[in-house]
Each structure stands twice: as C-alpha cells, then as structure tokens.
Amino acid sequence: MGPHPAVAAIRLAVRRVLHDLLTEHHRAPVAVPHALPHELPPPPLVLVACSGGADSMALASALAFEAPKLGIRAGGITVDHGLQPGSDARAAEVVQRLRELGLDPVDSVAVTVGRTGGPEAAARDARYAALDTAAERHGAAAVLLGHTRDDQAETVLLGLARGSGIRSLSGMAAVSGAGGRYRRPFLELDRQTARKACMVQSLPVWDDPHNADPAYTRSRLRHEGLPALEKALGKGVVEALARTAQLSRDDADALDSWASQAEATVRDAAGLLECAKLYALPPAVRRRVLRRAAIEAGAPAGSLFARHIEEIDRLITGWRGQGAINLPGKVVARRQGGRLVIRQG
C-alpha cells in the first residue's frame, strides 16, 4: 500500500525539482581540487525555507524523504522576523523539527524588519536577504519555497488590484533568483494538499497569526476576497488565476525577448535611442525598451512604476516640446534633436 495521495503528490512535486537540479548540477563545470577528470562533482546541497507552517513543513518532509534516494544533501533554514513575542522560541522549535526529519545543516537566522514598502514587503525583503546569505554560506545549489497554487492566485489578484502590467500578473516563477536559486515545487498544488500531507504524517504545524490578521492585505484577500469571488463566480477561481499567471508569464517572456532584440535596432551609432524608430515599435515592446534604458541609467527597478514609463513614452508618442522627466534614482529623461536621452542628473 502506497502513501496517502496528498503525501504522494508533494513527494512527486519535490522529486521533479530535485531531478532538474541534479541534471543542472552534472552539466555545470565544478572545480574540485585533486579530482580526476572522470569524477563527478560532489552531491549538491538543497535547503528548504521553513516557517513551521503546513506548506513549508510538508515541503521539508518531502525533501527529507526524496533527497537521500537521489544522493542529494538536504538541509533547512528558518527565519525569525522578530515580529511577535516568543518568535525566537518558535524558530528553535522549527529547527528541532527539521533536525528530527533528518535535515542537516539546519539554521535559524534572526533578521531586523525595516519599514520600506510596508510591513509585508519589508518582511519579505529581510527574509530573502537572509535566505540568500544562508545559501551562499552553505554553498547550496537551491532553496525550496513552499508557495502553493493558492499563494499564486493571491499574487495575481494583488497585481491586478495595483493596475500592474502583465509581468506582475504572471505571479511567482517556479524558478527565480540569482542563478535559479529559488525553486517552488508546490505552485500546482493547493494549500489543502500540503495541510493534509502534514496531518496524515502527524507533522506538527504552526499557523502564523499574521496570516489571519485583517491588517495585512494578503490576509484580507485570503479570508475575504477569494471566498467572495468563489461565491460569486463558482469554484475554480484559484485554478483559473494560477493558469492566468502561467499564460501571462509566457507572454511577458516573449515580449521581453522581443524588446531585447528590438533595442539594438532603435539606437544610433552613438548608442542614443532614436524617437522615430521607437515610435514604430508596438507599445508593449517600446515601453519595455524604455524601462530597460531607465534601469541601465540608474533608476532602481523597484521604484520605477508604470506611470514613470508612461511619462517617458509621451516624449515619443505625444511630443509637444515638454520638458525633462524626473525618474527615481536622480535619472532624467529628455528628448533632444529626435533622440531620447536618459541619464543621471
């Protein structure tokens, strides 16, 4: 008799990601001191980011089960955000649970959460910075994250509410980060599958009270917004939103590739952008070229919004002799002699 269907589903999702990582690992040239030419590089280390919640505990259990069978080293890391009383004790409990699963190394990292971008964004930035540091310290090939299909649906709705472009609607990528560091095996699994897997394996889980706190936008969306949508539109909203994310990602990738190729064709011999050639591009491609140019000039990507790009675009499509456009990072965009000049100062 095989494992419970929920356990089988999470293990299969993790197994697929580990197979991908092994393939990448064996293809990559690795300098191993005193190694013979025919010797394979040492087995990779994969870490799981675990908060102690159902999603990440299910992920940790699946990694602990699958990694040894493939000759992969498996460890874990939990991040203590310090936002609740007793968070350090909670982190210590998570470390103990991960060690009981057989993961090694296991780390707990305390971070200081700032205020930039709001509490949710600040906590996320601090968490990823800690995960990056831990992965580099241990030489990990990847860090697994427990985001589910439900998380993906919420991310798409948040992007839609902000009036963001298609890249924002594409949600979270299955592979992201520098060198493809972050992997999300559960994006096609729902939250209930992860919770069920924990229950049938008798894995204790911790439900973060912030996830039910209406002060947080994502919490309100999870407990009020999505249920209201399902009541109005019927079941299947989460699956449809997750499917929208994948379709949007495919389209955004194609447009980004088009823009990358088009950029070389709209610059003159001095490397300046020619307004007439920019005007001839489709708007979606042109705005991507403008965004890339602004970032290359020093505008921080996270502070460069759609309204900034629209203002630059008017220098191309609605030229009436208007003045320079001030952008984040002290970058200035202006039209001069049929050319678009974007530079700092």
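This section reports on the structure supplied with the text. Computed from a prediction, not measured in an experiment: that's the story for all the values here. Every chain is numbered on its own, with residues counted from 1 as its sequence reads. Where local features are concerned, this predicted model is filtered to residues with pLDDT of at least 70; where side-chain atom pairs are given and counted, the filter is 80 or more; whole-chain, interface and lining totals use all residues. Heavy atoms throughout the structure, all of them, feed into the side-chain values; hydrogens and water do not.

Quick word on the overall build of the protein
Item 1. Comment: elements are numbered from the N terminus, with helices defined as DSSP H or I runs of at least four residues and strands as E runs of at least two. Along the protein, the regular secondary structure elements total 12 helices and 10 strands.
Item 2. Along the longest, intermediate and shortest principal axes, the C-alpha atoms of the protein span 70 × 60 × 40 Å.
Item 3. A burial count over the protein gives 44% of its 345 residues as buried.
Item 4. Contacts are assigned to residue pairs that have any heavy atoms within 4.5 Å of one another. Contacts in the protein between residues at least 24 apart in sequence constitute 67% of all its contacts with a sequence separation of at least 6.
Item 5. Put simply, the protein shows about 18100 Å² of open surface, and 54% of that area lies on carbon and sulfur atoms. Only protein chains enter the accessibility calculation, which uses a 1.4 Å probe; a residue whose area is less than 20% of its type maximum is buried, one above 50% is exposed, and one in between is partly exposed. Computed with a 1.4 Å probe, the accessible areas rest on the Shrake-Rupley method; for each residue, only the protein chains presented here act as cover.

Here we look at helix 7 (residues 191-200)
Item 1. Taken as a whole, helix 7 has its buried residues at Arg191, Thr193, Ala194, Ala197 and Cys198.
Item 2. On its buried face, helix 7 is in contact with helix 1 (5-27), helix 2 (54-66), helix 5 (149-161) and helix 8 (217-233).
Item 3. Downstream of helix 7 by one or two residues, Ser202 has phi in the positive range, about 60°.

Quick notes on the packing of aromatic side chains
Item 1. Pairing of aromatic rings covers Phe, Tyr and the six-membered ring of Trp, with a centre-to-centre limit of 6.5 Å; geometry is then stacked below 30 degrees between planes, edge-to-face above 60, and tilted otherwise. Using the criterion set out here, one finds 1 aromatic pair in the structure.
Item 2. Plain terms: the ring middles of Tyr128 and Tyr182 are 5.1 Å apart, the flat faces sit at 90° to each other, and that makes the pair edge-to-face. Pair noted here: Tyr128 is in helix 4 (residues 119-138) and Tyr182 is in strand 6 (residues 182-183), with a separation of 54 residues, a long-range link.
Item 3. Overall, Tyr182 belongs to the buried group, its relative accessible area being 4%.

Observations regarding the pairing of strand 3 (residues 106-110)
Item 1. Relative to strand 3, strand 2 (residues 73-80) runs parallel, the two being bridged by 5 bridges. Bridge pairing links Thr78 to Ser108 in strand 3.
Item 2. Viewed with both strands pointing away, a crossover whose connecting path from the first strand over the helix to the second turns clockwise is right-handed. Between the parallel pair strand 2 and strand 3, the chain is carried across by helix 3 (residues 87-100), and the sense of this crossover is right-handed. Two strands make a pair as long as DSSP finds a minimum of two bridges between them.

A short note on the side chain of Arg11
Item 1. Its location among the elements puts Arg11 in helix 1.
Item 2. At 5.1 Å, Glu66 is the nearest oppositely charged side chain to Arg11, a buried residue that forms no salt bridge.
Item 3. Each residue touching Arg11, except ones within four places of it in the same chain, is listed here: Pro3, Ala62, Phe65, Glu66 and Gln201. In this tally, Lys and Arg are treated as positive and Asp and Glu as negative; His is ignored, and so are the chain termini. Salt bridge, as used here: a side-chain nitrogen of Lys or Arg that lies within 4 Å of a carboxyl oxygen of Asp or Glu.

Topic: the sheet that holds strand 8 (residues 325-327)
Item 1. What the 4 strands build is an open sheet, ordered 7-10-9-8; its pairing is antiparallel. One side of each edge strand has no neighbouring strand; the edge strands of this open sheet are strand 7 (273-274) and strand 8.
Item 2. Fitted lines through C-alpha atoms give the axes, limited to the stretch in contact for helices. The angle between two N-to-C directions lies from 0 to 180 degrees. The sheet contacts of helix 12 (residues 306-317) involve strand 8, strand 9 (331-336) and strand 10 (339-344), and relative to strand 9 the element is tilted by about 15°.

Focus on the pairing of strand 2
Item 1. When you tally the buried positions in strand 2, you get 7 out of 8 residues, the bulk of the element.
Item 2. Inspection of the sheet shows strand 1 (residues 45-49) paired to strand 2 by 5 bridges, in the parallel sense. The residue of strand 2 that forms the bridge with Leu45 is Arg73.
Item 3. Read from strand 1 through helix 2 to strand 2, the crossover connection turns out right-handed.

Thoughts on the nonpolar core
Item 1. We define a nonpolar core as any set of buried Ala, Val, Leu, Ile, Met, Phe, Trp, Tyr and Cys residues linked to one another through side-chain atoms lying within 4.5 Å. Core analysis: the largest hydrophobic core is formed by 36 residues, its most contacted members being Leu18, Leu63, Leu103 and Phe186.
Item 2. Considering each element in turn, this core owes the most residues, 9 residues, to helix 1.
Item 3. Sequence-distant contacts of Leu103, that is, excluding residues within four places in its chain, are made with Val48, Ala60, Ala64, Ala74, Gly75, Gly76 and Leu98.
Item 4. Core analysis: the second largest hydrophobic core is formed by 26 residues, Leu278, Val289, Leu290 and Ala333 among them.

Digging into the layout of surface pockets
Item 1. The method works on a 1 Å grid over the protein atoms by themselves. A cavity is a set of points holding a 1.4 Å probe that cannot get out, a pocket is an open set with protein on both sides within 12 Å along at least five of seven lines, and residues with an atom within 4 Å of a point line them. Grid points are joined across faces, edges and corners, and a volume is the space filled by probe spheres set on the points. The space that makes up the second largest pocket amounts to roughly 560 Å³.
Item 2. Surrounding the second largest pocket, 24 residues form its lining, Ala174, Arg184, Pro185, Leu187 and Glu188 being those nearest its centre.
Item 3. Broken down by element, the lining of the second largest pocket gets its largest block of residues, 6 residues, from helix 1.
Item 4. Classifying every residue of the lining of the second largest pocket gives 13 nonpolar, 3 polar and 8 charged. Polar here means any residue outside two lists: the nonpolar Ala, Val, Leu, Ile, Met, Phe, Trp, Tyr, Cys and Pro, and the charged Asp, Glu, Lys and Arg; Gly therefore counts as polar.

Focus: the sheet that holds strand 2
Item 1. With respect to topology, 6 strands assemble into an open sheet ordered 3-2-1-4-6-5, the strand pairing being mixed. The sheet is open, and its two edges are formed by strand 3 and strand 5 (175-176), each paired on a single side.
Item 2. Taken strand by strand, helix 2 contacts strand 1, strand 2 and strand 4 (142-144), and its axis lies near 160° from that of strand 1.
Item 3. Across the sheet, helix 4 touches strand 1, strand 2, strand 3, strand 4 and strand 6, and the angle it forms with strand 2 is around 145°.

Let's talk about the packing of helix 9 (residues 237-263) against helix 11 (residues 283-296)
Item 1. Remark: helix 9 packs on helix 11, axes separated minimally by 9 Å, with the N-to-C direction vectors making an angle of 70°. Between helix 9 and helix 11, the angle is such that the two are roughly perpendicular. The element helix 9 and its partner helix 11 pack so that their crossing is right-handed. Here Ala252, Leu255, Asp256, Trp258, Ala259, Ser260, Ala262 and Glu263 of helix 9 come into contact with helix 11, specifically with Ala284, Val285, Arg288, Val289, Arg292 and Glu296.
Item 2. Grouping the amino acids of the contact of helix 9 with helix 11 by side-chain chemistry returns 8 nonpolar, 1 polar and 5 charged. Here the word oblique covers every angle except those under 35 degrees (roughly parallel), over 145 (roughly antiparallel) and from 65 to 115 (roughly perpendicular). Helix crossings are classified by the rotation of the near helix relative to the far one: an anticlockwise turn of less than a right angle makes the crossing left-handed, while a clockwise turn makes it right-handed.

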